[in-house]
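Residues per chain, in single letters:
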Amino acid sequence: MKEIVKKITLRIVIFIVILISAEWLYQTFLFKEDVKLYCKNYFTNDSIINNCNILYVGESSNTSFNPWSDSQNYSISEYLQLFLPEQKVGGITQHGYHLGLFEKLLQNLKKDKGPSVVVLTLNMRNLGINSKFGGNESHFQQEVLFYNQNYTPLMKRIFVSFHFYKNDNDLELEREKVKTWRTQYLANSIIQSKYSTVRQWLNEVERKKYERSIPAVYGAMADAYIKEFGFLIDENDERLIALNKIIERCKQINKKLILHILPENRDYAQQLFGSELTQLMDYNIDFLQKEYNERVELVNNYLISNGTDYTDQFYPTEHYNARIRKAIAMSIAKKISIKVNPNLPIPNNQTFNPDVKQKFADSLWVYNFK
Amino acid sequence: MLLASYFFYGYWKLEFAALMAFTSIIDWGCALQIHTAQSKQKALFWLWLSILSNVAMLFMFKYFNFALGTTSISQKLENHQLTAWIIELGKYTIPAGISFYTFQSLSYIIDVYRKQEEPERNVLKFMLFVSFFPQLVAGPIERFGKLHSQLFATHSAKWRNISNGLRIALYGLFLKICIADNLANIVDTYYSNIQAFGTVSSWLAIFCFAFQVYADFFGYSLLAQGSALLFGIDLMDNFNKPYTAKSIPEFWHRWHISLSTWFKDYIFVPVGGNKKGPLVLAFAVLLVFFTSGLWHGAATTMILFGLTQGFLYLFDRFLFSKIKIQNHLWDKFKQLKTFVFFMLSLIYFRAESTDQPSKIWKKLWKFSAGEIDLNIPVYVVLFLLIFTLLDLYIMKDRVDIWLRKFQFWQRWLMYAFVIMAICIFGGATLHPFVYFQF
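Throughout this description, residue numbers start from 1 for each chain and increase along the sequence as written. Following the order in which they are written, the chains are lettered starting with A and the ligands numbered starting with 1. Owing to the predicted nature of the model, reporting of local features is limited to residues with pLDDT of at least 70; listing and counting of side-chain atom pairs is limited to 80 or more, with chain, interface and lining totals taken over all residues. Neither water nor hydrogens contribute to the side-chain values; these are computed over all heavy atoms in the structure.

### Some remarks on the overall build of chain B
Then, number 1: Think of it this way: any DSSP run of H or I at least four residues long counts as a helix, any run of E at least two long counts as a strand, and we number them from the N terminus. Scanning chain B for helices and strands turns up 19 helices and 0 strands.
Then, number 2: Relative to the 2.2 N^0.38 estimate, which gives 22 Å for 438 residues, the radius of gyration of chain B is 23 Å and therefore close to what a compact globule would have.
Then, number 3: With the principal axes as the frame, chain B shows a C-alpha extent of 65 × 60 × 55 Å.
Then, number 4: Methods summary: accessible areas were calculated by the Shrake-Rupley approach with a probe of 1.4 Å, and residue burial reflects only the protein chains presented. As presented, chain B carries roughly 19600 Å² of accessible surface, and 67% of it is formed by carbon and sulfur atoms.
Then, number 5: If the 38 positive side-chain charges of chain B are averaged to one point and the 25 negative ones to another, these points end up 7 Å apart. All radius of gyration figures rest on C-alpha atoms, and the globule criterion is 2.2 Å times the number of residues raised to 0.38. Working convention for charge: Lys and Arg count positive, Asp and Glu count negative, and His plus the chain ends are omitted. By convention, the charge on Lys lies at NZ, on Arg at CZ, on Asp at CG and on Glu at CD.

### Describing the nonpolar core
Inside soluble globular proteins, nonpolar side chains tend to come together where they are buried.
Then, number 1: Ranked by size, the top nonpolar core spans 214 residues in total, and within it Leu120(A) and Phe174(B) carry the most contacts.
Then, number 2: For this core, the element with the most residues is helix α10 (residues 199-230) of chain B, which contributes 17 residues. Each nonpolar core is a collection of buried residues, namely Ala, Val, Leu, Ile, Met, Phe, Trp, Tyr and Cys, held together in the definition by side-chain atoms within 4.5 Å. Relative accessibility thresholds used throughout: buried, under 20% of the residue-type maximum; exposed, over 50%; partly exposed, between the two (1.4 Å probe, protein chains only).

### Topic: the pairing of strand β1 (residues 54-58) of chain A
Within a regular strand, the side chains alternate between the two sheet faces.
Residue and element names in this part refer to chain A.
Then, number 1: Among the 5 residues in β1, 5 count as buried, and that is most of the element.
Then, number 2: Of the two faces of β1, the one lined by Ile54, Tyr56 and Gly58 and the one lined by Leu55 and Val57 are each fully buried.
Then, number 3: Any two strands with at least two DSSP-identified bridges between them are counted as paired. Alignment of β1 against strand β2 (residues 89-93), held across 5 bridges, turns out to be parallel. Within β2, the position partnered with tyrosine 56 by the bridge is glycine 91.
Then, number 4: In this structure, β1 lies alongside strand β3 (residues 117-122), joined through 4 bridges in parallel fashion. Note on β3: the bridge partner recorded for leucine 55 is valine 118.

### What about the pattern of salt bridges?
Then, number 1: By definition, a salt bridge exists where a carboxyl oxygen of Asp or Glu is found within 4 Å of a side-chain nitrogen of Lys or Arg. By the definition in use, this model includes 29 salt bridges over all chains.
Then, number 2: Members of the salt-bridge network, linked through shared partners, are Asp234(B), Asp237(B), Arg398(B) and Asp400(B).

### Some thoughts on the packing of α10(B) against helix α15 (residues 328-350) of chain B
All names here are of chain B.
Then, number 1: One can describe the packing of α10 onto α15 by two numbers: an axis separation of 9 Å at closest approach and a directional angle of 90°. Relative to α15, the element α10 is oriented roughly perpendicular. Contacts between α10 and α15 pair Trp203, Ile206, Phe207, Phe209, Ala210, Phe211 and Val213 from the former with Phe339, Met343, Leu344, Leu346, Ile347, Phe349 and Arg350 from the latter.
Then, number 2: When grouped by side-chain class, the residues that make up the contact of α10 with α15 number 13 nonpolar, no polar and 1 charged. Only the contacting stretch of a helix is used when fitting its axis, a line to C-alpha atoms as for every element, and angles between N-to-C directions run 0 to 180 degrees. Note on terminology: angles under 35 degrees are roughly parallel, angles over 145 are roughly antiparallel, angles of 65 to 115 are roughly perpendicular, and the others are oblique. Whether two residues are in contact is decided by their heavy atoms: any pair within 4.5 Å suffices. Only Asp, Glu, Lys and Arg are considered charged in this grouping, and only Ala, Val, Leu, Ile, Met, Phe, Trp, Tyr, Cys and Pro are considered nonpolar; every other residue, Gly among them, is considered polar.

### So, α10(B)
Residues lying three or four places apart along an α-helix face the same way, a consequence of the helix completing one turn every 3.6 residues.
All names here are of chain B.
Then, number 1: With 32 residues, α10 extends 46 Å between its outermost C-alpha atoms, agreeing within 8% with the 46 Å of an ideal straight helix rising 1.5 Å per residue.
Then, number 2: Buried residues dominate α10, accounting for 26 of its 32 residues.
Then, number 3: Downstream of α10 by one or two residues, glycine 232 has phi in the positive range, about 85°. For a helix, the expected span equals 1.5 Å multiplied by the number of residues minus one.

### Remarks on the environment of Val119(A)
Residue and element names in this part refer to chain A.
Then, number 1: Its place among the elements puts valine 119 in strand β3.
Then, number 2: Taking C-alpha positions, valine 119 is 36 Å from glutamate 23, a pair spaced 96 residues apart along the chain.
Then, number 3: When neighbours within four sequence positions are excluded, valine 119 is seen to be in contact with Ile54, Leu55, Tyr56, Val57, Ile258, His260, Ile332 and Ile336.

### Some words on the interface of chain A and chain B
Then, number 1: Taken together, the contact pairs 35 residues of chain A with 32 residues of chain B.
Then, number 2: Overall, the association of chain A and chain B removes approximately 3000 Å² of surface from exposure, summing both partners, and the carbon and sulfur fraction of that is 64%.
Then, number 3: Inspection of the chain A/chain B interface yields 1 salt bridge.
Then, number 4: Residue Glu15(B) is joined to Arg175(A) by a salt bridge in which the shortest nitrogen-to-oxygen separation is 3.3 Å.
Then, number 5: The definition of a polar contact used here is a pair of N or O atoms within 3.5 Å, where within protein one atom must be able to donate a hydrogen and the other to accept one, and adjacent residues in sequence count solely through side-chain atom pairs. For the interface between chain A and chain B, the tally reads 6 residue pairs in polar contact (both at pLDDT 80 or more).
Then, number 6: Elements represented by at least two residues in the side of chain A that touches chain B include exactly α1 (2-38), α8 (153-161), α9 (170-183) and α10 (198-210) of chain A.
Then, number 7: At 15 residues, the largest contribution of residues to the side of chain A that touches chain B is made by α1(A).
Then, number 8: Here the side of chain A that touches chain B is composed, by residue class, of 19 nonpolar, 6 polar and 10 charged. By definition, the buried area sums, over both parts, the 1.4 Å-probe accessible area that each loses when the two are put together.

### A look at the sheet that holds strand β4 (residues 256-261) of chain A
All names here are of chain A.
Then, number 1: The strand order across the open sheet built from 5 strands is β2-β1-β3-β4-β5, with neighbouring strands paired in parallel fashion. Because the sheet does not close on itself, it has two edges, and the strands there are β2 and β5 (297-300). Neighbour to neighbour, the strand axes of the sheet diverge by 20° on average, direction disregarded.
Then, number 2: Sheet contacts for helix α12 (residues 238-252): β3 and β4; angle to β4, the most-contacted strand, approximately 150°.

### Side note on the packing of aromatic side chains
Residues and elements named next belong to chain B.
Then, number 1: Note on ring pairs: Phe, Tyr and Trp rings are taken, using the six-membered ring of Trp, and paired if centres are within 6.5 Å. Classes follow the plane angle, with under 30 degrees stacked, over 60 edge-to-face and the rest tilted. According to the stated counting rule, one finds 77 aromatic pairs over all chains in the structure shown.
Then, number 2: Plain terms: the ring middles of phenylalanine 209 and phenylalanine 349 are 6.1 Å apart, the flat faces sit at 40° to each other, and that makes the pair tilted. With phenylalanine 209 in helix α10 and phenylalanine 349 in helix α15, this pair connects stretches of sequence that are 140 residues apart. Phenylalanine 349 shares its class with phenylalanine 209; the two are buried.
Then, number 3: Aromatic pair phenylalanine 320 and tryptophan 330: ring centres 5.7 Å apart, planes at 20°, arrangement stacked.

So, in structure tokens, the structure goes:
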């Protein structure tokens, strides 16, 4: 027995020496290249976080613009900068990210460094089934491994190789999605939907398509709206749990958190299904409003848009035209100046300063906000 | 061990563990009935009941959607709770290893019917034989006689078993993580955009796939062998340097040996084998490879893969073997020919649709430059070179035995290299073991 213990001890010691050497080799020669490969925006995001005093964290809604109608292609975070010229606004845009991923990304925030205000966008669709089982999820989960402060570089690389993260493949995600549509009821103590599940609703649409009572051009659109907005959230939602962690962390490191609820295309949902779908959407927004109004500075822009303000006319997205992007920035800027930093002037069209960046200097247009 | 095996399988999907338990209990019961049957007819009835229940399970979860395709029946079934549940289970996830454990179970029931094995009276022991976790999801497909006697013998922890098991598993991990996964990235890049690549890249891609699938499956088999050895269980070798085979018949004696011997014992020989003339032999060979294709997957391309192997087998058996030349160079040529035949037939194995193989064939034989080239990282080339040299020329025995020749410090230098390679250079994209889907 003693002999075996001696043998095992010797081998464990050698194994540890090998791991330490591998850690050193990897960290010194290869880690940076791997970060560039597997987490493309890591260094850019890190630099933005450390060089601003207001951090805007968003997904594609931040930078998408309408190529047909927009004369100005500023992102929401750029508009925010123009409304708050004395501040240094940093904008992080991670396409397809949601609260669960932002929670990992924001682990890079330090207590005594970087922004004092964090503006976090909340996209209601991201709390839905289609997003939760979206095809990019595994890739994103791998990406955010690199933001984790608890792992050494070699550990991160080993986790990448061994796929030690939520790594469902496309078929598994599709299966979960279909299963949830079939089994999750569209009802609670407040809401009673005509259709008990998304699956049933989709069948009904399918029947109408077959009978041609839905025009073909709207058939796919109707499917998409049901799949994207057909859900009811509750406090156990995994992404709201991630949001709660962000709130806690921001408190711990003295960052003021502004939670911004993005506008959704309620207009088209109403036109497609009457109040059947909008009652679910409204319920979800009310839930968020009630749940977070007291806990963070909340900016709710859910209702500020019209159907035609969206770049994507046949699929629900949060890609807005300049009017909405500017309105969003204005509302956030107001919240910052009223609630967070009373020393700032309350922004309006007069304080909007297109000269704040050279590239904005030729701004000529003026728009009256709602 | 039974609990550990079911936990291992059920952790992934509880429904599928229940399914495995259900089929195991049926087979266990049928085997007992066969043993006690008063007449041959009764024994035959229980045998067919077991076979049909296994085939039904395979059909339901593996071939149902293939058979239904996108018919309106499929859509109607999806609207009912129970059938929708089954379709969801089968359509989006096939129970991992269902073909493996079903075949293992079938071999037991047939052996009991043939009176080659005594039936197991303890249902839990039989369930462990079916579900023994190291080889549950991708083989090797063990026979009852060999595995059962080992599983229920008294074992004590032995240093030799532990060290050998870890050596085998480490090598298996290296093959999977450093070679198969990295090659898979290259192959996937090619298959995702075949039109953009030229002739050279196409040859490179199918070459890479031949080694990807080998390293992947051989790697898994080694991991299974290594982890079983930790418990004192010695599983059979599933590969024996297949790329050194000089003919397709020899190749199938070296590749996925446990499946090849299964087909030989339960299909090839009962049908007539090579004892009833060339026509029966040809029929038996084609039947075996047709079944083998179907076993590999519910797709037309898999059946084509199987049949291609069958025809190549017959070509080698009846024509090529007639050429009698005793020459080292000729032997090398035969090895190369066999490898190229197999590599080309893998085009069907890897294809995602029935029209994909013809596109690749055109790319291979009609020279074109291509808009982009496949890029193979230097470290992947290095790993592949090491593997090829070891497998074809250097390692004459199983890895654990081969390593015994070296001194302690030499072995640990090799381990250090392998551990570092696994930690630092593993493929980043998720590629489950290729044979998990079967």
